[in-house]
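Commentary on secondary and tertiary structure
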Amino acid sequence: MAGLCEGGNEPAGSLKAICQLVTFSQRNHKEFNRRISSAWKAFWSLKFIWTDKTINRNLKFEALETCIIPVLLYGCQTWTLSERQRSSIQTCQRKMQRKILGITLRDRMTNETLQRLTNTTDAEERATATKWTWGRHVARLHQTRWTRAITMWDPYVGKRGQGRPRLRWSDMFTKEAGKQ
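Residues numbered from 1 in each chain as written. Predicted model: local features only at pLDDT ≥ 70, side-chain atom pairs only at ≥ 80, totals over all residues. Heavy atoms only, no water.

Our next topic: the nonpolar core. Trp 50, Leu 64, Ile 68 and Leu 72 are the most contacted members of the largest nonpolar core, which has 25 residues in total. Going through the elements one at a time, α1 (29-45), α2 (47-50), α3 (57-72), α4 (83-101) and α6 (123-140) are the ones with two or more residues in this core. Not counting residues within four places of it along the chain, the set of residues in contact with Trp 50 comprises Phe 43, Lys 60, Ala 63, Leu 64, Ile 68 and Ile 100. (Core = buried A, V, L, I, M, F, W, Y, C linked by side-chain atoms within 4.5 Å. Buried < 20%, exposed > 50% of the residue type's maximum accessible area, 1.4 Å probe, protein only. Helix = DSSP H or I, 4+ residues; strand = E, 2+ residues; numbered from the N terminus. Contact = heavy atoms within 4.5 Å.)

Below is the structure:
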């Protein structure tokens, strides 16, 4: 499997399973950061497309949507995203869009104008839609299926520590749809 994924220096106590890093100590922060760096690697590997003046702008954004954003969002249906991570996904996508257009932050273009100009879907909304699709699939599964058991598994049993409770995978659904 090492040939399928880039890198190979996983920290102790973690496992890279088919290009997705699984850790038990630091939740999904490492995997999330790995996804962003992988997306930038994929982005710069296609630099010849972004810098070519003869290629149509719409074609460049289609390449971004089909080749780079899936690298960024790989495995996002299982993530528990904080607001900071949601913002990081949007920031990463917008930076790539600005690089393609040759627009800098000094040009003072708003994100809404950039989104309208590029005519692309927001990566954070795409991640949320993917998670909802996965959630509907898991909800239809029988209780004894491994996929459901692993997805719904809450490893934190017993008395929880001080501070704010950790976000669970299902918390987004209860926040959006309300308690059932």
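As a further point, take the pattern of salt bridges. Side-chain pairs of opposite charge can arise whenever the charged atoms involved come near each other. A full pass over the atoms with the stated rule returns six salt bridges. For the salt bridge of Arg 34 with Glu 31, the shortest nitrogen-to-oxygen distance reads 3.2 Å. Separated by three residues within a single helix, Arg 34 and Glu 31 lie in helix α1, roughly one turn from each other. A residue is classified by how much of its surface remains accessible, and Arg 34, at 14% relative accessible area, is buried. (Salt bridge = Lys/Arg side-chain N within 4 Å of Asp/Glu carboxyl O.)

To continue, consider empty space enclosed by the protein. The gaps left among the atoms become clear once a water-sized probe is rolled over them. Inspection of the entire model under this criterion finds one cavity of 30 Å³ or more. What lines the largest cavity is Cys 76, Trp 79, Leu 81, Arg 86, Ala 127, Thr 128, Lys 131 and Met 172. For the lining of the largest cavity, the element with the highest residue contribution is α6, accounting for three residues. Of the residues in the lining of the largest cavity, the class split is five nonpolar, one polar and two charged. (1 Å grid on protein atoms, 1.4 Å probe; cavity = no way out; pocket = protein on both sides within 12 Å on 5 of 7 lines; lining within 4 Å. Points joined across faces, edges and corners; volume = space filled by probe spheres on them. Nonpolar A, V, L, I, M, F, W, Y, C, P; charged D, E, K, R; others polar.)

Mapped onto the elements, Thr 78 comes out in the loop between α3 and α4. For the pair Thr 78 and Lys 131, spaced 53 residues apart in sequence, the C-alpha separation works out to 6.9 Å.

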